[in-house]
Amino acid sequence: PGDAESNGRFAMVLHAASKYELGEVFYRRAIEQDASFRWIYYLSQLQTLSGQKEAAIASLQKALALDPRYVAARLKLGRLLIDTGKPADAL
């Protein structure tokens, strides 16, 4: 329970198995222990798949604040902003 890597990897397994609610719990545990780009980005992907677009936008913005160079995350954020009716924010 006290290891970000273990929590994050378990969250990835749950994510892959479409256990989104429980996966989110474990991603959040990983983020509490290691608020790195990786765990926040993965959380945003899970949130997108589970239909939590606003939460995914917030997570992607946090992840990109840590590493603004990651092009895939920037593209995903832009797509989510367009999908939620905020195309001006996608620029």
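Bear in mind the structure is a predicted one, so any value in this text is a computation, not a measurement.

(A) Quick peek at the side chain of histidine 15. Structurally, histidine 15 is set in helix H1 (residues 4-16). Side-chain polar atoms of histidine 15 contact the side chain of tyrosine 27, separated by 3.0 Å. Excluding residues within four positions of it along the chain, histidine 15 makes contact with Tyr20, Tyr27, Tyr42, Gln45, Leu46 and Leu49.

(B) Expanded view of the packing of helix H3 (residues 37-49) against helix H4 (residues 53-66). Running from N to C, H3 and H4 point in directions that differ by 160°, and their axes come no closer than 8 Å. Between H3 and H4, the interaxial angle falls into the category roughly antiparallel. Remark: the crossing between H3 and H4 carries left-handed chirality. When H3 is examined against H4, the residues Phe37, Ile40, Tyr41, Leu43, Ser44, Gln45, Gln47 and Thr48 are found in contact with a partner set consisting of Lys53, Ala55, Ala56, Ser59, Leu60, Lys62, Ala63, Leu64 and Leu66. Looking at the contact of H3 with H4 residue by residue, the class counts come to 10 nonpolar, 5 polar and 2 charged.

Definitions and limits used
- Residues numbered from 1 in each chain as written.
- Predicted model: local features only at pLDDT ≥ 70, side-chain atom pairs only at ≥ 80, totals over all residues.
- Heavy atoms only, no water.
- Helix = DSSP H or I, 4+ residues; strand = E, 2+ residues; numbered from the N terminus.
- Polar contact = N/O pair within 3.5 Å; in protein donor to acceptor, adjacent residues only side chain to side chain.
- Contact = heavy atoms within 4.5 Å.
- Axes fitted to C-alpha atoms, helices over the stretch in contact; angles between N-to-C directions.
- Parallel < 35°, antiparallel > 145°, perpendicular 65-115°, else oblique.
- Left-handed = near helix turned anticlockwise from the far one by under 90°.
- Nonpolar A, V, L, I, M, F, W, Y, C, P; charged D, E, K, R; others polar.

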